[in-house]
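Observations on the three-dimensional arrangement
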Amino acid sequence: MAKMAASIVESGEDAFRKIFKFYKRRNPPPDFSDVVDFSKNAPSDKVVPAKLDASTMSDVEAARVGLQPVRAWRAFGLQGYPGFIFISNPFLRGSQPYWVRQCLKTYPQKPNICNLDMHMSPSDTQDIWGKSEHSLRVPPSGKREPKTLLERLRWVTLGYHYNWDTKTYSASNCTPFPSDLHLLSSQITAACGFPGFNSEAGILNYYRSDSSLGIHVDESELDHSRPLLSFSFGQSAIFLLGGTCRQDAPTAMYMHSGDVMVMSGQSRLLYHAVPRILPAPQGLGVLEMEGCTLASSLQESTVVGPVSEEDWAVCSRYIQSSRVNVTVRQVLGPGQNFPETPSSHQGTDTDKEVGYHEERADTENGKRKRGDSDTVDTVET
Ligand code: SIN
């Protein structure tokens, strides 16, 4: 019988790494019965209801960014992880396609920065969508075809652009943060008890079915009292949430399309990782239908505008095999400035950041860094 994750860890060892490898393994496939599924779970000994503040936004304000009324959100906490909030798909039917289209068509545009900029000229990465859409619109021929730029996209940064080499943000490397994502993030964080959250930096991660994201802590932001917000679209993932040290065995949970996660308080600086991408449980058929009917159902005052059938054809083809995750961060506290020179607490603790987008069977000793690769990105442990 396949072993469950909890039974493989011995005391004193790097439990996170062991469980990461457990869920990443293809052959034989792991036992997934320990994985928390918030889309199904009624509160249990592990999963507890999370308290939200429904007075922070009206139903109309929620709908403007594509969200259900706050009182309808299914929000949970996890026993042993104070400050962690999981909101199981709070989006209105028909609004996810807008956010998917933004992630694929709008946010990769200049002046935002992406992995392809590391080894391609600005004119080559100027119009990733335009250079990819035709190939993604025609049905696959069955022959091996070169990957489009969109399929080679691995990350995009927004606002204060994260520097993967120095693991810092800086005042000099900043472009305007998208206003729609800013509003969505403000609404959600306010309902979670963080009024005045200011979205200053975003990282979009684009996962193919064999991608993974290595074990790390997001600590480069200067104000850790502000939460970290995460949105998932497309295929599902296993997300591991650990402790403050690698010996703490992580909890595994599914992230499905539309799910939102807030890491705050004591959970803000915990180790986490994505060892595996999995097919969405019921496929993404519902999402696809919604994309086509969206145009007629939205009113003009909404931030979330209609997605054309043409655009949706490209998006839906892409997310049939991919997942997009968006993390939104406030970098500076109120009145705070960047230090003159990068200080040691700005994420220079390389020990904590062990790898990104591990796609090979055993990548823990990989040497490539995330910033300059469009395929596999790993950082040495
Ligand atoms: C991250 O930790 O930066 C992203 C996690 C995810 O893809 O869910």
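Report on the accompanying structure. What you see is a predicted model, and the numbers here were worked out from it, not measured in a lab.

**A short note on the site of the ligand**
- What surrounds the ligand is the set Asn205, Tyr207, Leu213, His216, Phe239, Met255, His272, Val274, Arg323, Asn325, Thr327 and Arg329.
- One of the side-chain N or O atoms of His272 is found 3.0 Å from an oxygen atom in the ligand.
- Arg323 is positioned with one of its side-chain polar atoms (N or O) 2.9 Å from an oxygen atom of the ligand.
- About the coverage of the ligand: the protein hides 97% of its 260 Å² of free accessible area.

**Quick word on the pattern of salt bridges**
- All told, the structure shown has 12 salt bridges when counted by the stated rule.
- Between Arg329 and Asp218 there is a salt bridge, with its nearest N and O atoms 3.1 Å apart. Taken as a pair, Arg329 in strand E13 (residues 323–329) and Asp218 in the loop between strand E7 (213–216) and strand E8 (228–234) lie far apart in primary sequence, 111 residues in all. For the pair Arg329 and Asp218, one class covers both residues: buried.
- In this structure, Arg329 and Glu221 form a salt bridge, with 2.8 Å as the shortest nitrogen-oxygen distance. Of the two residues, Arg329 is situated in strand E13 and Glu221 in the loop between E7 and E8; the sequence distance between them amounts to 108 residues.

**Here we look at the nonpolar core**
- In terms of nonpolar packing, the biggest core is built from 52 residues, with Trp99, Leu181, Ile188 and Phe231 touching the most fellow members.
- Setting aside residues up to four positions removed in sequence, Leu181 forms contacts with Trp99, Tyr107, Leu158, Ser199, Phe231, Val326 and Val328.

**A few points about the sheet that holds strand E5 (residues 155–159)**
- Strand order across the open sheet formed by 9 strands is E1-E2-E3-E11-E8-E13-E6-E5-E4, with antiparallel pairing between neighbours. The open sheet is flanked by strand E1 (47–49) and strand E4 (113–114), the only strands paired with a single partner.
- Sheet strands touched by helix H3 (residues 96–106): strand E6 (201–207), E8 and E13. Its angle to E8, the strand with the most contacts, is close to 100 degrees.
- Where helix H6 (residues 179–191) meets the sheet, it contacts strand E3 (84–88), E5, E8, strand E11 (260–263) and E13, and its direction lies at approximately 115 degrees from that of E8.

**Focus on the side chain of His161**
- Within the element layout of this structure, His161 appears in the loop between E5 and H6.
- Taking the relative accessible area as the measure of exposure, His161 reaches 2% and is therefore buried.
- A polar atom in the side chain of His161 sits 2.7 Å from the side chain of Thr175.
- Leave out the neighbours within four places in its chain, and His161 touches Pro111, Asn112, Ile113, Thr168, Tyr169, Asn173, Cys174 and Thr175.

Rules behind the numbers
- Residues numbered from 1 in each chain as written.
- Predicted model: local features only at pLDDT ≥ 70, side-chain atom pairs only at ≥ 80, totals over all residues.
- Heavy atoms only, no water.
- Near = heavy atom within 4 Å.
- Polar contact = N/O pair within 3.5 Å; in protein donor to acceptor, adjacent residues only side chain to side chain.
- Areas by Shrake-Rupley, 256 points an atom, 1.4 Å probe, with all protein chains shown as cover.
- Salt bridge = Lys/Arg side-chain N within 4 Å of Asp/Glu carboxyl O.
- Helix = DSSP H or I, 4+ residues; strand = E, 2+ residues; numbered from the N terminus.
- Buried < 20%, exposed > 50% of the residue type's maximum accessible area, 1.4 Å probe, protein only.
- Core = buried A, V, L, I, M, F, W, Y, C linked by side-chain atoms within 4.5 Å.
- Contact = heavy atoms within 4.5 Å.
- Pairing = 2+ DSSP bridges.
- Axes fitted to C-alpha atoms, helices over the stretch in contact; angles between N-to-C directions.

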